[in-house]
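The lines below spell out each chain.
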Amino acid sequence: MASVLENRLFPVLDLLRFSMLEEDISEELCSAENGESFVDCVCRVLSSELSTNRTLVLRILCNAFRHPCGRRLLVSHFDRVMAPVLRLQSEFEPSVQTMQATLLVNYVVLFRRHLSGVEGGITKCLRAAAELCQSIFEPEACFLLLVAIGTAVHGDDEYQKMACKLDIQNFLSMCRGCEVERVYKAAEMVSNWIE
């Protein structure tokens, strides 16, 4: 029965993914009265058996960053949202890996550009990046994760030292050996900043 429901969830999630781009819908779903339920629902679907559902939910979360109400909700629920994202076993699912990394890029950019005064935002992102480094191998996802790490540490000695202490050296080595040019170039750049 659960798999039948999960199969029927796909079109709803796909519509919601596009709908989140509209500010009025995003405001309704991410409002103070509906935001908690929205986050609960998203976290439940992230444990779905279907990778298409997980991918769509990750895309919905990324689209929520488009409007201020979505950004506020996702920042205030960073730990609740990222916990199931980091638990996803995505080694055979390139689209899930790419969306995990994309979500983290969105968080890092938000904390660096708009919420630099938020205590611990970049630190949480770097710790999440270190966890994702253990499970992401798809070249596009690797590139996006390198973008997240690079954006987090660029021009900040404190974050560069923190990144150096996190267990990302193997990931950087793997990326430097990648055949995809933009991946190994990004890995070299990030390595220069933190090694």
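For clarity, every value in this text was computed on a predicted model and none was experimentally measured.

(A) Geometry of the overall build of the protein. Helix and strand counts for the protein stand at twelve helices and zero strands. Listing each helix as α and each strand as β along the protein from the N terminus yields α-α-α-α-α-α-α-α-α-α-α-α. Relative to its length of 195 residues, the protein is compact, with a C-alpha radius of gyration of 17 Å against a globular reference of 16 Å. A principal-axis box enclosing the C-alpha atoms of the protein has dimensions of 50 × 35 × 25 Å. Restricting the contact set of the protein to residue pairs at least 6 apart, pairs at least 24 apart contribute 70%. Here the protein displays about 10100 Å² of accessible surface, and carbon together with sulfur accounts for 53% of that area. For the protein, the distance from the average position of its 19 positive side-chain charges to the average position of its 26 negative side-chain charges is 2 Å.

(B) Molecular detail of the environment of M20. Among the secondary structure elements, M20 is positioned in the loop between helix 1 (2–19) and helix 2 (23–29). Here the alpha-carbon distance between M20 and Y159, two residues 139 residues apart in the chain, equals 32 Å. Residues contacting M20, with those up to four places away along its chain left out, are S26, L29, C30, F38, I60, N63, A64 and H67.

(C) Structural context of the environment of E181. Residue position: E181 is located in helix 12 (residues 181–194). Each C-alpha atom of the pair E181 and F143 lies 10.0 Å from the other, and the pair is 38 residues apart in sequence.

(D) Representation of the nonpolar core in the model. Membership of the largest hydrophobic core comes to 69 residues, with the highest contact counts inside it found for L103, L104, Y107 and L145. Beyond its immediate sequence surroundings of up to four residues, L145 is in contact with A101, L104, A129, L132, C133, I136 and F171.

(E) Focus on helix 8 (residues 121–132). Spanning twelve residues, helix 8 covers 17 Å between terminal C-alpha atoms, matching the ideal 16 Å at 1.5 Å per step. Helix 8 sits mainly inside the fold: nine of its twelve residues count as buried. All of the buried residues in helix 8 are G121, I122, T123, C125, L126, A128, A129, A130 and L132. Lining the buried residues of helix 8 we find helix 6 (78–87), helix 7 (94–114), helix 9 (139–153) and helix 10 (157–165).

(F) View of the packing of aromatic side chains. Scanning the entire structure with this criterion turns up four aromatic pairs. With 6.2 Å between their ring centres and 65° between their planes, F78 and F111 make a pair best called edge-to-face. Note that F78 is positioned in helix 6 and F111 in helix 7, a separation of 33 residues in sequence. Chaining the aromatic ring pairs together yields one cluster made of F65, F78, Y107 and F111.

(G) Structural view of a negative patch on the surface. Together, E22, E23, D24, E27, E28 and E33 line one region of the surface with negative charge. Following the sequence through the fold, E28 ends up in helix 2. You can call E28 partly exposed: its relative accessible area is 47%.

The rules behind the values
Residues numbered from 1 in each chain as written. Predicted model: local features only at pLDDT ≥ 70, side-chain atom pairs only at ≥ 80, totals over all residues. Heavy atoms only, no water. Helix = DSSP H or I, 4+ residues; strand = E, 2+ residues; numbered from the N terminus. Rg over C-alpha atoms; globule rule 2.2 N^0.38 Å. Contact = heavy atoms within 4.5 Å. Areas by Shrake-Rupley, 256 points an atom, 1.4 Å probe, with all protein chains shown as cover. Lys, Arg positive; Asp, Glu negative; His and termini not counted. Charge placed at Lys NZ, Arg CZ, Asp CG, Glu CD. Core = buried A, V, L, I, M, F, W, Y, C linked by side-chain atoms within 4.5 Å. Buried < 20%, exposed > 50% of the residue type's maximum accessible area, 1.4 Å probe, protein only. Expected span 1.5 Å × (residues − 1). Phe/Tyr/Trp six-rings, centres within 6.5 Å; stacked < 30°, edge-to-face > 60°. Patch = residues over 30% accessible without salt bridge, like charges linked within 9 Å, V, L, I, M, F, W, Y side chains within 5 Å. Salt bridge = Lys/Arg side-chain N within 4 Å of Asp/Glu carboxyl O.

Honestly, that's just the spatial picture; any functional story needs more than this.
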